[in-house]
Amino acid sequence: MAPTRPQKSSPLWDIRLLFCSLAFLAFLCLTGYYSLHHYHHSKSLLVSDLHRLFLDLSEPSAISASLRSLTSGPHLAGTQQGIQTTEYVLARFRDSGLDAHVAEYQALLSYPAHVSVSALFRNGTVRAFPRGGEAGSGLEGSPVVAPYHAYSPSGAGHAPAVFVNHGRDEDYLSLRMLGVNVSGCVAVMRRGGGSRGAVVQRAAIEGAAAVLMYTEGEVFRDGVERGTVMMGLGDPLTPGWTHAKGGQVLDVDDPTVRARFPAIPSMPISAEVAAGILDSLGGPRAPDDWKEDGLRNKRTRVGPGPTLVNFTYQEDRKIADIQNVLAVIKGREEPDRFVLLGNHRDAWTYGAVDPNSGTAVLLDIARRFGLLLRKGWVPRRTIVLCSWDAEEFGMIGSTEWVEENLENLRSKAVAYLNVDCAVQGPGLFARASPQLDDLLLEVVKKVNDPDVNGKTVYQTWILANNGTHIERFNEVDSDFAAFVQHAGVPSVDLYYGKDFPVYHTAFDTFEWMKKYGDPLFHRHVAVAEIWGLLTLHLVDSSILPFNYLSYAAQLQEHRKKLSSILDRGISLYPIDKAIEELISAAHETEKKASNLGERKALDDFSELRTRMLNDQMMLSERGFLDADGLKGRLWFKHLIYGPPGDYNSELFFFPGIADAISQATKMSKREGQTAIEQEIWRVARAIQRAAISLRGNIT
């Protein structure tokens, strides 16, 4: 068949076709122009204006208003007042234009059903101490929970009082040398000998019937420091996994659960109540080194008795709902890489310092980020703002969330930035994973000091510390613990002021903050600026601002300290060799980063290469984890930074080695040396894993 000839189109059809083509071309031009304009607007904010704009959005009055609202009443986790603060934070996140939601869990929480303490003195007089002494400070009828120790078992006793100083091993040794037996007595101790749970359990081993614990201070001596005596982190019924409704939980009588709680009851009392008891004791005088340690009455005797303490505590332990509030700002280029900001929301009392100074700052950062989003900024990576619940009971909210999201965090979390008590007083204090040191120092150079006109935070920090002093994560006193010590996420922890006299007392109020802590809220602003700028650097930098040479230098310092403690017969060669490998890998990483910056415009695969390099730096911290964890404390996986089992340890790093050194004193010399050497090899392998991860090559 012959081919069919094409028919000639009509003039009208040609005009319509031309019009459609021109319209489509115009549409492409307009959308392209809009996209390009929006893209360049976002990038110009990022490059030249974003950080300055973030700083210019400062509003101390907004932070003050948030703190006033948050502290209008006490809000203990698991209570109706706690739910109200959940709703407040959720609403504020959404008012800022952020996508926010609640992640709910269950947990075994502990409350006081009945508390009473009284003393029978030698002259026959009896003195009762309502609310541990705190009620005598104008707080009668207060809605604040009575002073208590969460997870203290119920119990009662009528026994002689005995002073045990801080309740450390050496304190009991001193008592034995004085011929004092604490068995069957009520041990009166002052805070400072370790975690509450550890010192109460130590008293139980010595045979004490109960513990009364006080905190010394020159101000607010009627304040009583509440707290938890549970050992370990997270919900005690689900050690290592999340307590979700309908999920597996252990029985309260399970040995694993029971081991988390002390065997004897304990209760906090005020310093004034403690002084009344201690000043009435007989027996030998307190050792001289106890007096040098700050004992108010230098003539204090240790007992036992003749003063008798009548102690009754009844616990109400129950399953309660807890709520974490999370707000997410999804990244444009790398939505599957997360930078997380966290602060806990629950408080023992009003919580103006602990933790809601931090919550108010977190809400202010949410407000600022919301305004930046309206101006066209979209972060390169995803930001997650986290408001944790039940931290005061043992970092429960953050731990449950980390356990639930563990694999995503290990593969996708860039960093976690924690603020608990944002403002306690003057002076910046910071903890950081060492690869973030340089970034932290760079940021504080951009923030004005809230207390010294014309100076930056960096300048005053150097003067105060004779050089900057960044601490490490050797404790478990805030929500960074699950991120650093269980998930291996590089982290920073910030706060103004080393401590404060109303810690965990009913005096931790908005009025105290306005009068003493930060009357103008300028320190709150400084924390917001440091916290926010750290976030912007981490979410928007093309190449992550990590420096593993800093990490290697810190490891070398740790190695020197360890060498000064160990016997000469124990070699540190495995650690030395591993650090050398990390230094080599860190130099290679710096070179790759420099080359990427120079070749970016010429390399079609630069984004992919950047992504690969960033992942190597992000994941290297995970190399310091050991799947087997610390011996006897398997949940703690980090072999460089974690809490030593022995509070008196000279090492605040290499926790496995620190534990082995402490245990070696109870072994033969050969057995002890072998145990230490095994932990040295474990640390060396961890450093080597980090180096291999940093290189990114298969060996």
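Quick caveat: nothing in here was measured; it's all calculated off a predicted structure.

**Quick word on the overall build of the chain**
- Looking only at helices and strands, the chain features 21 helices and 14 strands.
- Its C-alpha atoms give the chain a radius of gyration of 29 Å, near enough to 27 Å, the size a compact globule of 699 residues would have.
- The dimensions of the chain, computed from C-alpha atoms along their principal axes, are 125 × 65 × 65 Å.
- A total of 699 residues make up the chain; the buried ones form 55% of that total.
- Of the contacts formed within the chain by residues at least 6 apart in sequence, a portion of 81% connects residues at least 24 apart.
- Within the structure as shown, the chain displays about 29,900 Å² of accessible surface, and the carbon and sulfur contribution to it stands at 54%.

**Some points on empty space enclosed by the protein**
- Tallying each qualifying case throughout the model produces three cavities of 30 Å³ or more.
- Roughly 40 Å³ of internal volume is contained in the second largest cavity.
- In this structure, the second largest cavity is lined by L428, F429, A430, W461, N465, H469 and E471.
- The class makeup of the residues in the lining of the second largest cavity is four nonpolar, two polar and one charged.

**Comments concerning the side chain of T610**
- With respect to the secondary-structure elements, T610 resides in helix α19 (residues 606-620).
- One polar contact links the side chain of T610 to the main-chain carbonyl oxygen of S606, over a distance of 2.8 Å.
- The contact partners of T610, leaving out residues within four places of it in the chain, are S542, I543 and L596.

**Side note on the side chain of D626**
- Its location among the elements puts D626 in the loop between α19 and α20 (655-664).
- On the basis of relative accessibility, which here comes to 12%, the residue D626 falls in the buried class.
- Engagement of the side chain of D626 in a polar contact is seen with the side chain of R682, the distance being 3.1 Å.
- With residues near it in sequence (within four places) discarded, D626 still touches K637, L639, R682 and R689.

**As for α20**
- Most of α20 sits out of view: eight of its ten residues are buried.
- All buried positions along α20 are accounted for by P655, G656, I657, A658, D659, A660, S662 and A664.

**Some thoughts on a nonpolar patch on the surface**
- Taken together, the side chains of F605, L608 and M612 make up a nonpolar region of the molecular surface, amounting to roughly 330 Å² of accessible area.
- Tracing the backbone through its elements, the reader meets F605 in the loop between α18 (573-599) and α19.
- By relative accessible area, F605 is classed as exposed at 51%.

**A few points about the packing of α20 against helix α21 (residues 669-695)**
- Where α20 contacts α21, the axes come no closer than 9 Å and their chain directions differ by 180 degrees. In terms of orientation, α20 lies roughly antiparallel with respect to α21. Touching G656, I657, A660, I661 and A664 of α20 are G672, A675, I676, E679, I680 and V683, all from α21.
- Along the lines of polarity and charge, the residues of the contact of α20 with α21 split into eight nonpolar, two polar and one charged.

**Notes on the packing of aromatic side chains**
- Per the stated rule, a full pass over the model turns up 23 aromatic pairs.
- Between F369 and W377 the ring centres are 5.6 Å apart and the planes differ by 45 degrees, which places this aromatic pair in the tilted class. We note that F369, like W377, is buried.
- Note on F429 and Y495: the rings are 5.8 Å apart at their centroids and 10 degrees apart in plane angle, and the pair reads as stacked. Residue F429 is found in strand β13 (residues 428-432), and its partner Y495 is found in strand β14 (residues 491-496); the two are separated by 66 residues along the sequence.
- Classification of Y495 as buried rests on a relative accessible area of 11%.
- The structure contains a cluster of three or more aromatic residues connected by ring pairs, namely Y111, Y148, Y151, F261, W348 and F393.

**Some details on the state of the cysteines**
- Taken as a whole and judged by the stated rule, the model has zero disulfides.
- Between C386, a free cysteine, and C421, which holds the nearest cysteine sulfur, the sulfur-to-sulfur gap is 18 Å.
- Overall, C386 belongs to the buried group, its relative accessible area being 0%.

**Describing the environment of W377**
- Along the polypeptide, W377 turns up in the loop between α9 (356-374) and β11 (381-388).
- On the accessibility criterion, W377 (1% relative accessible area) is buried.
- A C-alpha to C-alpha distance of 9.9 Å links W377 and R332, two positions 45 residues apart in sequence.
- Here D540 takes part through its side chain, which lies 3.0 Å from a polar atom of the side chain of W377.

Reading guide: rules and limits
- Residues numbered from 1 in each chain as written.
- Predicted model: local features only at pLDDT ≥ 70, side-chain atom pairs only at ≥ 80, totals over all residues.
- Heavy atoms only, no water.
- Helix = DSSP H or I, 4+ residues; strand = E, 2+ residues; numbered from the N terminus.
- Rg over C-alpha atoms; globule rule 2.2 N^0.38 Å.
- Buried < 20%, exposed > 50% of the residue type's maximum accessible area, 1.4 Å probe, protein only.
- Contact = heavy atoms within 4.5 Å.
- Areas by Shrake-Rupley, 256 points an atom, 1.4 Å probe, with all protein chains shown as cover.
- 1 Å grid on protein atoms, 1.4 Å probe; cavity = no way out; pocket = protein on both sides within 12 Å on 5 of 7 lines; lining within 4 Å.
- Points joined across faces, edges and corners; volume = space filled by probe spheres on them.
- Nonpolar A, V, L, I, M, F, W, Y, C, P; charged D, E, K, R; others polar.
- Polar contact = N/O pair within 3.5 Å; in protein donor to acceptor, adjacent residues only side chain to side chain.
- Patch = residues over 30% accessible without salt bridge, like charges linked within 9 Å, V, L, I, M, F, W, Y side chains within 5 Å.
- Salt bridge = Lys/Arg side-chain N within 4 Å of Asp/Glu carboxyl O.
- Axes fitted to C-alpha atoms, helices over the stretch in contact; angles between N-to-C directions.
- Parallel < 35°, antiparallel > 145°, perpendicular 65-115°, else oblique.
- Phe/Tyr/Trp six-rings, centres within 6.5 Å; stacked < 30°, edge-to-face > 60°.
- Disulfide = S-S within 2.5 Å.

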